[in-house]
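# Structural overview
So the chains spell out like this:
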Amino acid sequence: MFQNKMTGFAPSIIDNSPPKAIRLALMGLVYSLALGLLAWRFYSSQLHYDSALIGLMAQSFLKGDFHYFFFGNNYMGTLDALFAAPLLYFFGPTSLVVNIWPPFLYLASMVVVHRILDRLFGFWGVLAGLAWMALPPGYGLFFAGEARTHYGLALLLSAVLFLLTLNLWQGKKWKFSSCFAWGLVAGLAFWTNFLSAQVIAPCALFLAYYGWRNKLLTPAMIAGFVSGALLGAAPLIIYNMNNGWPHLGLSGDLRLGPETKIREPLSEMFGTYLLAVLRSGLPVMFGVISPNQRFVTPGTLDFWVYLAVALLAVIGFVGLIMRSRKTEVTLSWLPVAVFAGSVAAVIFTHYGSQVNQARPRYLLWVLFALPFVWAFWGGLLAKKSPWLSLILILGLAVSNVSAYQGFRALWGKPLLDAKGGYYFRHEAKTKERLAGLYEKGITHLYADEKRARNFYPNDSEGAYELSFLADEKPLIVDFTQDKRPQASAQVDASENPAFWWRTLAAQARFLGVKHQVINKEIFHSFAEPENVEKLLSPRGWKVTTLKGKLLHDRLWDANFRTIYVAVNNKKGGEGFVLDMGREEEVAGFSLIPTVFWQVPKNVTVEVAGEDGRFRLLRKISHYRTPFYFSGPHPFLKQRYGRVECYFPVQKIRYMRFTHLGDDGHAWSVQEMLVYGPGKPHSDFCWQKSIELALEEVRKSGIERLYADAWPSAKARLEFGREIWTLTANRFTNVFGSTHPRTDRPLLVDLHQGSGVLVLGREADLAEEVLTNAEVRFIRKACGRFTLFVLEGRKGVEAVPIKAVDSHVDRKSAWKLARGGSFKGRWGSQESQRPGIYLDLDFGKPRDLGWLKLENHNYHADFPRGLKVLVSNDQKKWVEMPVTLAGPIAFSGQVLFLAQGPVSVYRLERHAQARYVRLELDAHDPVWWWSVEKVAAYGPDDKHLAHFNKGIDSKDG
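Computed from a prediction, not measured in an experiment: that's the story for all the values here. Residue positions within a chain follow its written sequence, with the count starting from 1. Residues qualify for local features only when their pLDDT is at least 70, as the model is predicted, and side-chain atom pairs are given and counted only at 80 or more; totals for whole chains, interfaces and linings, by contrast, use all residues. Working from all heavy atoms in the structure, the side-chain values ignore hydrogens and water.

Helices that pack against each other are described as a pair by the angle of their axes relative to one another and the distance between those axes. For helices, the fitted line uses only the C-alpha atoms of the stretch in contact; every axis is such a line through C-alpha atoms, and the angle between N-to-C directions lies from 0 to 180 degrees. Note on conventions: DSSP H or I runs of at least 4 residues are helices, E runs of at least 2 residues are strands, and numbering of each starts at the N terminus. Running from N to C, helix H6 (residues 123-134) and helix H17 (residues 365-384) point in directions that differ by 140°, and their axes come no closer than 7 Å. If you check the angle between H6 and H17, you find them oblique. Relative to H17, the crossing made by H6 is right-handed. Of H17, the residues touching H6 (which contributes Trp124, Gly125, Ala128, Gly129, Trp132 and Met133) are Leu367, Leu370, Pro371, Trp374, Ala375, Gly378, Gly379 and Ala382. Polar here means any residue outside two lists: the nonpolar Ala, Val, Leu, Ile, Met, Phe, Trp, Tyr, Cys and Pro, and the charged Asp, Glu, Lys and Arg; Gly therefore counts as polar. Here the contact of H6 with H17 is composed, by residue class, of 10 nonpolar, four polar and no charged. Working rule for angles: under 35 degrees goes down as roughly parallel, over 145 as roughly antiparallel, 65 to 115 as roughly perpendicular, anything else as oblique. Handedness of a crossing follows from how the near helix is turned relative to the far one, being left-handed for an anticlockwise turn of less than a right angle and right-handed for a clockwise one. Any two residues whose heavy atoms approach within 4.5 Å are treated as being in contact.

If you want it as C-alpha cells, here you go:
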C-alpha cells in the first residue's frame, strides 16, 4: 500500500542507498559478524542453576509430565523448554542441548527486527539497527547464550507481534486468520514472560484505535483476537482457574512500590528505583558497564560515554515520535512506548529492587527498543553522508565490544572464552563421577544447591546441575528445598540415600552412627541408631541454666512457648544442665528448636553419672542445618528439624549443654527428648511398618495425615494428592509454594478425617497432649509406628458474650462484644505485666468450659500467662484452674501446644458464672497483649458441629 516497488521502502524514507551489491555485501558482513559472535558465545556457554532447571523441565516433558511454569515458580512459561525436549531425546543430557537455542532465538529476533526496520527506515537506518544487534551490548550477548530462554523467546515473540501489528496496519482489510495469529502470539508471549506486556499493550491499544476508526474491528475480528489470545495463554488461564492469579515475578504478586519489608515512603522508593535505572540499569543496557560494576561512576570515561549514548538515545526517541506523524511510518512511536513501559515497570513496581541489586534483566525490553533508535540516527546521518552513518555504526560497535572482556553477570563467568565453556571443561568428568556412583549402588542422592556468590565464578556443580546430567542415575535432589517436590519425595522415601556435601562430616560425627564416606565428601550407608526404642519419662527431672536458674518443666511440657533460649550467641558460655534425678540408661537425645535456624552452631555436650563428674560426649563446630533420623535414614532438612545425637548406652544422670558462641543466631530448645533401650522391633522392619501404617490410613478414611519426614514422603508417593500430607521438603508444590512455612508451627486440624502418625516410643506423649485438649481419637499400632485417628473435640455450645470491659482501652474492649463485626483490636497499651485484664459479661450466669482468644494480625501479642477468675457480682472473684489446650501443632516427632495467633484455654473445673476476668499473670518486656476476637464455650456435649466450627478450627 505504501511501498515503493523499486526500492522496497516507503517514499518518504528513501535515502541515498548504495548499489545493490554493496548493500548485500554490508548486510552479509553484519550477519556474518552476528553468526560468528553467537557461535563463540555458544562455545563459551555454561551450565548453572537456572540452565539446569531448563534441562530438568525438558526431561519432565519427555516423561509426559507437563508444567505451566518452570520448577519453583508460578511465572515464566515453559514453552521454550519444549524446544530442548527433542534434542534431549536424541542426544541425552548435555549442557549443549539447553544452550543451543538462545543463539538461534536471538538470530531469529534479528531477522524479524530486520523485516520491521525495512518497513520503517531506509537502508542506512536498517544497517545501523542490525549492526547494533549483531554486536550488541554485553548484557544482550549474555542472554543470547543464556539458557533462560523465557527471555529470548519472549523477545522474539514480541518482535513477531510488532511485525503482525505492522501487517494489520498496512492491510486494506483484516482477516480472521491474521487477527487470530496476532492473538495467539500475544497469548504465548504473555504466558512465556509477563514482561512482554510492554509490547503487547501498545500494539493492542493501537490496533483497537486504528480498527475502530477505520471500521475494521468487526465482531468477527474481535473473535479472532480473543480466541487466539485464549489459546496462546491457555496454560496461564488454566493455572489461574485452579490456583489463582500467578505471580508476576520474584515469587510475589505484582506490587506497586517497594518490597513489603521496606519501610521508606513510596516517593523515596520510586526515587531510589529511578536512580537505580539511571545509574545501573540503563548503563548496562547501553553496553557501557557490566552488571558486576553495579553502577557508573561520575567523572570516569564510562560516565561520559554513557552520557553521550544516553543523549543520542533521548534525541532518537524524540525523533521517532516526531517521525510517527508521517502516515507511512506511523508506528515509529511504538519502540518509544516499549522503552517507556520498560522503565516504568521497574520504577513503579517491585522489579526496581532487583535493578537496584545489579540485576537489570527486567529492563531487557530496552534492548528491543534501541535498534530503532540507532536506525533513526543511521538514516538521519546518511542524509548528510553515508560515512557519518558508518562512523556511528563503528562507534556503537567499539563501545559494545570493548566491554565484552570485563563483562560478568551473576554467574561470574566470561562472555567469550577461548578455552570453551562447561561442556569442554567439566561435563565429561562430572558424568563419569555420577556414573561411578550409580555403579556403586547409590541410586538416590542429596546434594547442595551451591549457588555461587554473585559475580564470582563457581566451578562446582550443585544439585540441579548434577540432577540434569545424571538423568535419574542416580536421582539427585537438593537437601532442603528442591523445586521438584515429587523428586524430593522419591529420595526422601528411599532406604539408603547418600549425601554429597563435604561440610557434612562434622554433623555426621555429632549424629554418632556408623556410615561410609567416598572421597571425603559423599556420605552414605548410615547405620540405624541402636538402643533408642524407649522415650524416657521426664518424671523427677530438673533443668537449670549454667548460672543456676531453674527452668522448671520448660523442655518437656509440650508447649511451644515455654523454651530455653541462649541469646548471647556471639560470646557464648550459655547453656543448661539436665538432672534426671537418677541414673538412666541413655543412648540418644533430640533437641527440638523453635525455628530451624536456631540450632547451636558451636556446642559441647557433657554427661555425668551419680558422681557428677562430667565427661565430654560430643563437641561440634559449624552445625548448620538440622540433621536427624526419620525412618531408616537421616535427613538434612529445615522442616521437622531437630538436633539429634546417638551413642553407645551409658549410665547418665546429668547432661550439660554449653553454647560456644560465634553464632549468627540465638540457640533455642523448645522440647528435649531422651532415649534409652526398650523392646526391640525385630518383628517389624521399616518397610513393613510403613506398609501397615499406610494401609490403616486408607482403611480409617483419613484425609489429612501428619507424619515425620520419611513416612510423609512414603505417603505422598502412595496416595499422591488423594490424602494431604506435608513432606519435609520446603517447597510443597512445583510452583514454589512453601505453605505452611518452615519457620512456623504446623498446626493440626483436629476435625474428623485427620490422622497423626508417630513412632511408637513417642505415642504416649502424643496421647497425653490430645487427652489434655479433650480431643477424641482412636489409637492404632502399626509396627514401629502408632496412628492416631482423630475424631474432633467433644462438642460444646457457644456462650454469647453481652459485653466486654477493661480498665485500659475501654472503647475497643466494648467493641469486642460485637464478635466478627469488629475489625480492630483491643490492646493492653503497654508491654505485658501482671494485673492487666479483660472482663466478659454473659448477661446471666452461664456454664463455662472453654475460652478462645484470637490475635491473627498481631502474632506475637498472645498472653504469656493468663489466669481466669469468675464472679456473679463483680465483687467476689474466684480463680479457676485453667489449662492451655490449643492450638495443637506437630513437630514431626511429637504433638505440642503452639499458642500464637490463637489461644484456646480449658477450665479444669466447669464453672457457672455471669462474669469472667481474663488477667495476665506474666511479664513480657516487649510485646503488648492484643485481642481481636474473644469467645466462650460451655462444658456440655451439645452442638458438636457448632463447636467444631468455632474452637476446633485449623488455627486452633
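After that view of the structure, there is still more to cover.
What follows concerns the domain arrangement of the chain. How big an interface is tends to be expressed through the accessible area that disappears when the partners come together. Structurally, the chain comprises domain 1 (20-248 + 267-406), domain 2 (422-524), domain 3 (534-676), domain 4 (686-793) and domain 5 (795-940). Distance between the C-alpha centres of domain 1 and domain 4: 49 Å. Note that domain bounds follow an automatic or database assignment of domains.

When you line up the elements, arginine 846 lands in strand E26 (residues 837-854). One buried charged residue, arginine 846, remains without a salt bridge, the closest side chain of opposite sign being glutamate 797 at 4.7 Å. Once residues within four sequence positions are removed from consideration, arginine 846 is found in contact with Val799, Pro800, Ala911, Gln912, Ala913 and Arg914. Here the term buried applies to any residue with accessible area under 20% of the maximum for its type, exposed to any over 50%, and partly exposed to those in between, with areas from a 1.4 Å probe on protein chains only. Residues scored as positive are Lys and Arg, those scored as negative are Asp and Glu, and His as well as the terminal groups of each chain are ignored. A pair is scored as a salt bridge if a Lys or Arg side-chain nitrogen falls within 4 Å of a carboxyl oxygen belonging to Asp or Glu.

Two strands are said to pair when DSSP picks up at least two bridges between them. With respect to topology, five strands assemble into an open sheet ordered E18-E17-E20-E22-E21, the strand pairing being mixed. Sheet topology places strand E18 (724-725) and strand E21 (775-782) at the edges, where each strand pairs with a single neighbour. In terms of strand pairing, E21 meets strand E22 (residues 785-793) through seven bridges, oriented antiparallel. Looking at E22, one finds that arginine 779 is bridged to phenylalanine 788. Taken strand by strand, helix H23 (residues 686-699) contacts strand E17 (704-706), strand E20 (754-759), E21 and E22, and its axis lies near 20° from that of E22.

Glycine aside, residues mostly have negative phi, and peptide bonds are mostly found in the trans state. The omega angle of the peptide bond from lysine 473 to proline 474 is 0°, so this bond is cis rather than trans. Here proline 474 lies in the loop between helix H20 (463-470) and strand E2 (475-478). Along the chain, histidine 739 connects to proline 740 via a cis peptide bond; the corresponding omega equals -5°. Here proline 740 lies in the loop between E18 and strand E19 (746-747). Backbone geometry at aspartate 809 places phi at a positive 50°, although glycine is not the residue there. Mapping aspartate 809 onto the fold places it in the loop between strand E24 (803-806) and helix H26 (810-815).

This part takes up the sheet that holds strand E3 (residues 498-500). Judged by pairing direction, the sheet is mixed, and its five strands sit side by side in the order E2-E1-E3-E5-E4 without closing on themselves. Edge positions in the open sheet fall to E2 and strand E4 (516-518), since each of these has one partner strand only. Within this sheet the neighbouring strands show an average axis-to-axis angle of 25°, counted without direction.

Turning next to the nonpolar core. For this analysis, a nonpolar core means a set of buried residues of the types Ala, Val, Leu, Ile, Met, Phe, Trp, Tyr and Cys, connected via side-chain atoms within 4.5 Å. Among the nonpolar cores identified, the biggest contains 159 residues, and Trp365 and Phe372 are the most heavily contacted of them. Each of domain 1 (20-248 + 267-406) and domain 2 (422-524) contributes no fewer than three residues to this core. Sequence-distant contacts of phenylalanine 372, defined by excluding residues within four places in its chain, comprise Val113, Ile116, Leu117, Leu120, Phe121, Phe162, Leu320 and Pro335. Listed in part, the 140 residues of the second largest apolar core include Ala508, Leu551, Val607 and Ala913.

Our focus in this paragraph is the packing of helix H8 (residues 149-170) against helix H9 (residues 176-192). For the pair H8 and H9, interaxial distance at closest approach is 9 Å and the crossing angle is 155°. Regarding the angle of H8 to H9, the classification is roughly antiparallel. The two elements H8 and H9 cross, and the hand of that crossing is left-handed. Residue-level inspection shows His150, Leu153, Ala154, Leu157, Val160, Leu161, Leu164, Thr165 and Leu168 of H8 in contact with H9, the latter providing Ser178, Cys179, Ala181, Trp182, Val185, Ala186, Leu188, Ala189 and Thr192. Class assignment of the residues belonging to the contact of H8 with H9 gives a composition of 14 nonpolar, four polar and no charged.

The geometry of an aromatic ring pair comes down to the distance between the two centres and the angle between the two planes. Ring pairs are drawn from Phe, Tyr and Trp, using the six-membered ring of Trp, whenever the two centres fall within 6.5 Å, and their geometry is named by plane angle: stacked under 30 degrees, edge-to-face over 60, tilted for the rest. All told, the structure shown has 58 aromatic pairs when counted by the stated rule. Consider the rings of phenylalanine 69 and phenylalanine 735, whose centres lie 6.2 Å apart with planes at 75°: the pair is edge-to-face. Residue phenylalanine 69 is located in the loop between helix H2 (49-62) and helix H3 (81-91), and its partner phenylalanine 735 is located in the loop between E18 and E19; the two are separated by 666 residues in the primary sequence. Here the two residues phenylalanine 69 and phenylalanine 735 agree in accessibility, since each one is buried. Among the aromatic residues, those joined into a ring-pair cluster are Tyr446, Phe479, Phe499, Trp501, Phe526 and Phe627. To sit over a ring, a charge needs its Lys NZ or Arg CZ within 6 Å of the ring centre and within 35 degrees of the ring normal. A cation over a ring is seen here: arginine 784 above tryptophan 686, with NZ or CZ 4.6 Å from the ring centre. Above the face of the phenylalanine 862 ring, arginine 864 is positioned so that its terminal group lies 4.0 Å from the ring centre.

We now examine the pattern of salt bridges. For the structure shown, the criterion picks out 35 salt bridges. Among the salt bridges present, the one from arginine 148 reaches glutamate 146, with a minimum N-O distance of 2.9 Å. Glutamate 146 carries the same exposure label as arginine 148, and that label is buried. Between glutamate 774 and arginine 906 there is a salt bridge whose closest N-O contact spans 3.9 Å.

Tracing the backbone shows serine 494 in the loop between helix H21 (485-492) and E3. Beyond its immediate sequence surroundings of up to four residues, serine 494 is in contact with His444, Pro632, His633 and Trp710.

It is worth spelling out H21 at this point. Side chains of residues three or four places apart in an α-helix project in the same direction, reflecting 3.6 residues per turn. By the criterion of burial, H21 is predominantly enclosed, with six of the eight residues buried. Contact partners of the buried residues in H21: strand E1 (444-447), E2, strand E13 (633-636) and helix H24 (709-719).

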